Amino acid sequence: MSFDADLSIRVSGVSKCYAIYERPSDRLKQMVASGIARLSRTRPRRYHADFWALRDVSLEVRKGECVALIGRNGSGKSTLLQIITGTLAPTEGEVHVDGRVAALLELGSGFNPEFTGLENVYLNASLLGMRREEVDAKLDDILAFADIGEFVHQPVKTYSSGMVVRLAFAVQAQIDPDVLIVDEALAVGDARFQAKCFARLKALRERGTSILMVTHSTEQVVTHCDRAVLLDHGRKLDEGAPRPIVNRYLDLLYGRRPVEAAGPTDPVVASVTAVALPDAAKIPSYEGALQPNAYYCGPAATRIALTAHGYAPSFDDLARALGTTPAGTASIFEVTRVLNEVHG
């Protein structure tokens with residue numbers, strides 16, 4: 001298979017299957033049955049059930065592009081990242097990665113808890129292929145980015161989870177990788193650290209680094225990513241521009257469907273309207289007397305009321321209505337907050 005020079009990652013028809021055994025003894029039985037089958041050239045008896053964590057997933061990431069993998073828990077996102085980084089072998093399909101890869105798959109992976117933070121910087125950097133001279137040259141930048149002060153001379157086992165991820169990301173980001181893979185690691189840091197991380201990610205992208213990240217933060221996906229890929233139950237449901245993919249993910253998460261997905265016997269949305277309300281207006285949802293089928297959102301300066309008839313509108317329906325309000329534009333994240341308040 002030819003590999004496009006503009007691509008950093010190509011995943012073609014990747015599937016991953018795990019054997020699930022009911023009892024530990026079934027593993028031994030399967031080994032014996034497989035050995036007998038090889039000798040007799042017959043089909044072995046199965047003592048396990050197949051669980052497909054991924055089924056026929058394909059995607060491409062271009063150089064300098066930031067792509068987000070989103071989906072509910074258990075959809076196969078982390079499994080796919082492990083296959084791309086080479087720590088897990090696919091059952092079917094092929095993966096091609098061009099260039100040096102840096103990955104933050106697990107908190108503190110590559111760190112020895114008994115070593116100090118400084119010793120772990122050199123250890124982790126060596127695992128990433130950096131020579132000691134390179135680490136010495138970038139040590140001040142690494143420590144400044146991690147910003148953990150004198151704790152760098154203390155054992156990592158005494159660190160908080162936030163300190164561990166700060167030090168780990170500081171090392172990974174300073175090696176100037178061709179491909180950077182991040183699995184929910186940034187969710188641990190505070191807002192200031194996350195801002196530093198995304199500023200660093202932006203600088204890496206400008207140098208041509210490709211970024212593939214897993215996150216449950218829809219705001220990060222829309223703000224920082226060029227594309228998003230939606231996974232569910234191990235299959236790729238959709239990919240494209242971040243906002244519509246995030247909207248579909250939220251529909252999936254909250255059990256809503258867009259109007260076009262409704263069946264012939266399902267109630268449909270008759271109308272979705274956006275009305276600007278004065279600041280002084282009493283909003284029922286904020287007074288504890290929510291009206292049926294009414295959704296309210298927006299900052300205090302631009303209160304917006306959306307009313308849907310039939311069944312709860314999808315996030316795309318709400319976003320389209322919000323985007324055309326005369327009072328201003330409210331983001332999909334405000335819609336998410338309001339729906340959480342309304343439906344718990």
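Residues numbered from 1 in each chain as written. Predicted model: local features only at pLDDT ≥ 70, side-chain atom pairs only at ≥ 80, totals over all residues. Heavy atoms only, no water.

A. Focus on the packing of helix H5 (residues 161–173) against helix H6 (residues 191–206). Closest axis-to-axis distance for the H5/H6 pair is 11 Å, and the angle between their directions is 10°. The angle between H5 and H6 places the two elements in the roughly parallel class. As for how H5 packs across H6, the hand of that crossing is left-handed. Residues Val165, Arg166, Phe169 and Ala173 of H5 lie in contact with H6, whose contacting residues are Phe193, Cys197, Arg200, Leu201 and Leu204. Split into classes, the residues belonging to the contact of H5 with H6 amount to 7 nonpolar, no polar and 2 charged. (Axes fitted to C-alpha atoms, helices over the stretch in contact; angles between N-to-C directions. Helix = DSSP H or I, 4+ residues; strand = E, 2+ residues; numbered from the N terminus. Parallel < 35°, antiparallel > 145°, perpendicular 65-115°, else oblique. Left-handed = near helix turned anticlockwise from the far one by under 90°. Contact = heavy atoms within 4.5 Å. Nonpolar A, V, L, I, M, F, W, Y, C, P; charged D, E, K, R; others polar.)

B. Inspection of the sheet that holds strand E2 (residues 49–62) at higher detail. Pairing is antiparallel across the open sheet formed by 3 strands, whose spatial order is E2-E1-E4. Of all the strands in the sheet, just E2 and strand E4 (92–97) have a single pairing partner and so form its edges. Each neighbouring strand pair of the sheet contributes to a mean axis angle of 20°, computed without reference to strand direction. Two elements, strand E1 (residues 7–20) and E2, share 10 bridges in a ladder whose sense is antiparallel. Bridging across to E2, Lys16 finds its partner in Leu54. Of the strands in this sheet, E1, E2 and E4 are in contact with helix H2 (residues 77–85), which crosses E1 at around 120°. (Pairing = 2+ DSSP bridges.)

C. Region of interest: the pattern of salt bridges. Under the defined criterion, the tally for this structure stands at 16 salt bridges. The residue Asp26 makes a salt bridge to Arg23 at a minimum N-O spacing of 3.5 Å. Across the salt bridge formed by Lys236 and Glu239, the nearest N and O atoms sit 2.6 Å from each other. Classification of Glu239 as partly exposed rests on a relative accessible area of 31%. Salt bridges linked by common partners bring Glu65, Arg227, Lys236 and Glu239 together as one network. (Salt bridge = Lys/Arg side-chain N within 4 Å of Asp/Glu carboxyl O. Buried < 20%, exposed > 50% of the residue type's maximum accessible area, 1.4 Å probe, protein only.)

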